[in-house]
Amino acid sequence: MEVSVSDDRPSFQTTLLHHDYQAPDGFGAFPQAIHHASTVLFDSVAAMRARNWQNKSGYTYGLHGTPTTFTLEARLAAIENGRHCRLAPSGLAAIAMVNFALLKTGDDVLLPDNVYGPSRELGNWLTQDYGITARYYDPLIGDGIGALIRPNTRLVWTEAPGSVSMEVPDLRAICAAAHAKNVPVALDNTWSAGIALPAFDLGADIVMQALTKYQSGGSDVLMGAVITNNDELNHKLESAHMRLGFGVGADDCYLVLRNLPTLKLRFEAHDAAAREVAAWLKQRPEIDTVLHPALPGCPGHALWKRDFSGAGGLFSVLFDARYTEEQTDRFVDALKLFGIGFSWGGAHSLCVPYRMKSMRESWPHRGQLVRFNIGLEDTRDLIADIEQALGQL
Ligand SMILES: *Cc1c(COP(=O)(O)O)cnc(C)c1O
């Protein structure tokens, strides 16, 4: 049916789209509002032409920021004691943002040999197809990193502790040696959630977080963040963020914002539970070494004591060398309360075996490595579960 527009009112169809109602200002509530937008409206063409997508003084396009993303960025920067933050659609995307911001053809980047696997994959890809050299260093190298730096080295990556094998690097020494040669240092600070390691105080120039882990806490969000205090680096990061089109969904931001108030409490609960389970594993005859930074025997334990104020819920064990991969796989399969799957930082305990020799340039150990993410189950139940699974070896 045609609705004729006899008076000044627009047609029914148009009223479905355009309306004048404005809810009153002054609505107060704890949750951050969720702003969904691709198009951001300008008041005038002049305002549109004057837009500046780089300094976050206003809004230009949903991809470059909304009140929801700006709020999450500001809160994450505050957690790390940083000034600038940009979100990315995953932790790996955040790593890519740093690489694309700082590296170009002909440049060199140093990564620890224990680096997060997909970051290594990206480094190898840059080497193979983009004319950048990614080289891997002993994570315990300390100030020896200085001797590896070449005139074309533009970035040193660190990870504290290293994914899976858990070595704690001497971040202070690495940063001092890199800075002496004017090379910035980026730290993957995911394990400490940004609350147990003062990365900028120790000299890091850029901090990367996989928010997928503790900040989300729900095993339901993929997101990353890059944080810095350095205006010049921030400008490069902002440019990479814009050029790569690294937008994040407003609902996902909301989930992270909703879980930030409990970040420290959850982290401390994971920490206490993981140390209890790790200490129990340490006295088991099946286990050769517990690779938990807070326990003696983990490479870099003294540095953990010097630099960290807490520990994450993620650690690994090396089984005694008499056990084959088949046996330790049977152990993992026998666990009832531990899911088998990647990622961590959620409420549920997880367990994953790793083939270390295929992941590293250098790996001296013979025993099988199995990684645990200790969730929020009662530790007595977790230990009983591990005990029965050890019986299946
Ligand atoms: C999970 C993780 C990442 C990547 O995060 P995604 O969101 O899964 O891409 C990077 N670094 C570390 C140390 C991680 O644990």
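Residues numbered from 1 in each chain as written. Predicted model: local features only at pLDDT ≥ 70, side-chain atom pairs only at ≥ 80, totals over all residues. Heavy atoms only, no water.

J.: Explain the overall build of the chain to me, please; I cannot follow it from the model alone.
T.: The secondary structure content of the chain amounts to 14 helices and 11 strands. In terms of its C-alpha atoms, the chain occupies a principal-axis envelope of roughly 90 × 55 × 35 Å. Within the span of the chain, comprising 393 residues, buried residues form 52% of the whole. Here the contacts in the chain between residues at least 6 apart in sequence split such that 72% fall between residues at least 24 apart. In the chain, 34 positive and 44 negative side-chain charges are present, and the distance between their average locations comes to 5 Å. (Helix = DSSP H or I, 4+ residues; strand = E, 2+ residues; numbered from the N terminus. Buried < 20%, exposed > 50% of the residue type's maximum accessible area, 1.4 Å probe, protein only. Contact = heavy atoms within 4.5 Å. Lys, Arg positive; Asp, Glu negative; His and termini not counted. Charge placed at Lys NZ, Arg CZ, Asp CG, Glu CD.)

J.: Mind showing me how you'd approach the UniProt feature "modified residue: N6-(pyridoxal phosphate)lysine" (unreviewed entry) in the chain here?
T.: The sites that carry the UniProt feature "modified residue: N6-(pyridoxal phosphate)lysine" (unreviewed entry) are, in the present numbering, Lys 213. Mapping Lys 213 onto the fold places it in the loop between β6 (206–210) and β7 (224–228). The residues contacting Lys 213, other than those within four sequence positions of it, are Thr 190, Ser 343, Trp 344 and Gly 345. (UniProt positions renumbered as here; feature names shortened; annotations may be inferred.)

J.: Help me out: how do you make sense of helix α9 (residues 231–244) in this one?
T.: Side chains three or four residues apart in an α-helix point the same way, a direct result of the helix having 3.6 residues per turn. Between the first and last C-alpha of α9 there are 20 Å, a value that for 14 residues agrees with the 20 Å anticipated at 1.5 Å per step. Within α9, the full set of buried residues consists of Leu 233, Asn 234, Leu 237, Glu 238, Ser 239, Ala 240 and His 241. Of the surrounding elements, those touching the buried residues of α9 are β1 (84–88), α4 (91–102), β6 and β7. For α9, the capping residue at the N-terminal end is Asn 230, with a side-chain oxygen 2.9 Å from the backbone nitrogen of Glu 232. Gly 245 lies just past α9 and shows a positive phi near 70°. (Expected span 1.5 Å × (residues − 1). Polar contact = N/O pair within 3.5 Å; in protein donor to acceptor, adjacent residues only side chain to side chain.)

J.: What should I look at first to understand the pattern of salt bridges in this one?
T.: Pairs may arise between side chains of opposite charge once their charged atoms sit close together. Tallying each qualifying case throughout the model produces 19 salt bridges. Residue Asp 107 is joined to Arg 154 by a salt bridge in which the shortest nitrogen-to-oxygen separation is 3.8 Å. In this pair, Asp 107 is assigned in the loop between α4 and β2 (108–112) and Arg 154 in strand β4 (residues 153–159), connecting sequence segments 47 residues apart. Arg 120 serves as the salt-bridge partner of Asp 113, at 2.9 Å between the closest nitrogen and oxygen. Neither Asp 113 nor Arg 120 differs from the other in exposure class; each is buried. (Salt bridge = Lys/Arg side-chain N within 4 Å of Asp/Glu carboxyl O.)

J.: When you look at the side chain of Thr 190 in this model, what are you seeing that I'm missing?
T.: If you trace the backbone, Thr 190 turns up in the loop between β5 (185–188) and α8 (199–202). Take Thr 190: its relative accessible area is 5%, and that puts it in the buried class. Residues within four places of Thr 190 in sequence aside, it is in contact with Met 208, Gln 209, Ala 210, Lys 213, Tyr 214 and Trp 344.

J.: Looking at this structure, I do not really get a nonpolar patch on the surface. What am I missing?
T.: Taken together, the side chains of Phe 12, Leu 16 and Leu 17 define a hydrophobic patch exposed on the protein surface, amounting to about 360 Å² of accessible area. Residue position: Phe 12 is located in helix α1 (residues 12–15). Given a relative accessible area of 56%, Phe 12 falls into the exposed group. (Patch = residues over 30% accessible without salt bridge, like charges linked within 9 Å, V, L, I, M, F, W, Y side chains within 5 Å. Areas by Shrake-Rupley, 256 points an atom, 1.4 Å probe, with all protein chains shown as cover.)

J.: What is the right way to read the packing of helix α11 (residues 263–282) against helix α14 (residues 379–390) from this model?
T.: The axes of two packed helices give the description: the angle between them and the distance between them. At a minimum axis distance of 10 Å, the contact between α11 and α14 shows a crossing angle of 30°. Relative to α14, α11 is oriented roughly parallel. Considering only the axes of α11 and α14, their crossing is right-handed. Residue-level contacts link Ala 273, Glu 276, Val 277, Trp 280 and Leu 281 of α11 to Thr 379, Ile 383, Ile 386, Glu 387 and Leu 390 of α14. (Axes fitted to C-alpha atoms, helices over the stretch in contact; angles between N-to-C directions. Parallel < 35°, antiparallel > 145°, perpendicular 65-115°, else oblique. Left-handed = near helix turned anticlockwise from the far one by under 90°.)

J.: Looking at this structure, I do not really get the site of the ligand. What am I missing?
T.: Neighbouring residues of the ligand: 14 residues in total, closest Gly 91, Leu 92, Asp 188, Thr 212 and Lys 213. At 2.8 Å from an oxygen atom of the ligand is found a main-chain nitrogen or oxygen belonging to Leu 92. The fraction of the free accessible surface of the ligand (380 Å²) that becomes covered by protein chains is 91%. Looking at the shell around the ligand, the elements with two or more residues in it are α4 and β6. Among the residues forming the shell around the ligand, the class breakdown is six nonpolar, five polar and three charged. (Near = heavy atom within 4 Å. Nonpolar A, V, L, I, M, F, W, Y, C, P; charged D, E, K, R; others polar.)

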